[in-house]
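# Architecture and fold: a report
Each chain, letter by letter, is given below.
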Amino acid sequence: MIPIRYNVRSLAVRKATTVATAGGIALVVFVLAASLMLSAGIKKTLSASGKPDNAIVLRMGSDAELGSVVEESSVSLILAAPGVKADEKGHPTGAAEIVVVGAMEKLGGEGVTNVTIRGVPDDPSRFRPEVRIVAGRPARPGSDEAVIGARIRGRVKGVDLEQTFEIKKNRPVKVVGVFEAEGSAYESEIWVDRELLRQAYHREGIVSGVRVRLESPSKFDAFRAGVENDKRLGLQALRETDFYEKQSEGAALFVGVLGTVISIFFAGGAMIGAMITMYAAVANRQREIGTLRALGFSRASILTSFLLEAVLLAAAGGAVGAAASLSMGFVRFSMVNFASWSEVVFSFDPTPSVMTRALVFACVMGLIGGFFPALRAARTSPLKAIRG
């Protein structure tokens, strides 16, 4: 085998073409890694909203809270189903909530955006202990006050601490607190008193869904049977983790496919650039190739050496692109969740899997782009090369 240092020195000698080609590959890897990071961030944000020991009850056939209607008379039956965990006072742990989507003006831009507004019981932290107020105070029960998620703060007109917005015409609500919820989708929501939202949107006698905490994840089957066996109710029970996994499928698939398609188009250009670079290298190194053949190196060794050189070039560019994409971990990106048709703020999640896939993609580009130039080098006649 030809020593690897020969290929490394060859790349170092051709600085301009090496940097140009590596830069093109770095751009492709950056785009691909960013799209994969966003797709992973969508799944992470929505999956963080679900707990393995929680279940959600919706109307049969509904795949989101927005389109679900549950009679309030059924709430007590749901909470009394087998497997529901009781608190220290012996009361079943659950929360019946109303969810609507409000069109609100964007801050610092034109147009409107859909924002999820959740009507919660008097003490929402009782069911969601992971929620903590990071600025201001909790909203008082029965008041026209709201708390907002940290990720949506300052993105919508009037949705910031001590500011006022309208959930319906002539129904102003004051923001008194900002909360965090372990990076979940709740941080992109506005929470108000359930009765306030009921009156504003005329949801008398109904809620959007009911969440319960189970004694353990293994109790879910018994709970679901207790809820769904009564056909008069027309309800379905889902594990909260499964519910949010389905919520993330559409947006994550869209971002992943879009990023991959764009990367493939960019990759075509990058591979052409790598191919041109390697063809030029072969043309300028005819005597070197002839000398290597004269020294006894086989065509297979020449082919392998030039392929390795192309892969090294691509790997260097891929490493630069992957390293640059890590900066996206500090960026927050908002888009519409296709399941709820409301804006959710996501972060880019630079997982090891994403980085590995991006680097492998770069090496494949180098392998494809360098194959034909390497084949040409391997077919070079040593006598003609030395004479030339």
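Going by the structure above, here's the rest.
## Quick notes on empty space enclosed by the protein
This structure, assessed with the given rule, holds two cavities of 30 Å³ or more. Within this model, the second largest cavity holds a volume of roughly 40 Å³. Residue lining of the second largest cavity: S49, K51, N54, F127, R128, E130, Y186, R213 and E240, and that is the complete set. Here the lining of the second largest cavity is built from residues that sort into two nonpolar, two polar and five charged.

## A short note on the side chain of N54
Tracing the backbone through its elements, the reader meets N54 in strand 1 (residues 54-59). Here the side chain of N54 touches R213 through a polar contact of 3.3 Å, side chain to side chain. In terms of polar contacts, N54 uses its side chain to reach the side chain of E240, at 3.0 Å. For N54, the contacting residues outside a window of four places in its chain are F127, V212, R213, L238, R239 and E240.

## Observations regarding the environment of A80
For A80, the location among the structural elements is in the loop between helix 3 (75-79) and strand 3 (94-105). When the C-alpha atoms of A80 and G226 are compared, they prove to be 9.0 Å apart, with 146 residues separating the residues in sequence.

## As for the pattern of salt bridges
For the structure on display, the rule yields 22 salt bridges. In this structure, E145 engages R137 in a salt bridge whose closest nitrogen and oxygen atoms are separated by 2.8 Å. Residue class for E145 comes out buried when judged on its relative accessible area of 6%. Given a relative accessible area of 34%, R137 falls into the partly exposed group. Here R153 makes a salt bridge to D160, at a shortest N to O gap of 2.6 Å.

## Thoughts on the pairing of strand 1
Most of strand 1 is tucked away: five of the six residues are buried. Of the strand pairs in this sheet, strand 1 and strand 11 (residues 209-213) are connected by four bridges, and their pairing is antiparallel. Bridge assignment links N54 to a residue of strand 11, and that residue is R213. Bridge count between strand 1 and strand 12 (residues 235-239): five bridges; the pairing is antiparallel. Its bridge partner being in strand 12, L58 is matched across the sheet by Q236.

Rules used in this analysis
- Residues numbered from 1 in each chain as written.
- Predicted model: local features only at pLDDT ≥ 70, side-chain atom pairs only at ≥ 80, totals over all residues.
- Heavy atoms only, no water.
- 1 Å grid on protein atoms, 1.4 Å probe; cavity = no way out; pocket = protein on both sides within 12 Å on 5 of 7 lines; lining within 4 Å.
- Points joined across faces, edges and corners; volume = space filled by probe spheres on them.
- Nonpolar A, V, L, I, M, F, W, Y, C, P; charged D, E, K, R; others polar.
- Helix = DSSP H or I, 4+ residues; strand = E, 2+ residues; numbered from the N terminus.
- Polar contact = N/O pair within 3.5 Å; in protein donor to acceptor, adjacent residues only side chain to side chain.
- Contact = heavy atoms within 4.5 Å.
- Salt bridge = Lys/Arg side-chain N within 4 Å of Asp/Glu carboxyl O.
- Buried < 20%, exposed > 50% of the residue type's maximum accessible area, 1.4 Å probe, protein only.
- Pairing = 2+ DSSP bridges.

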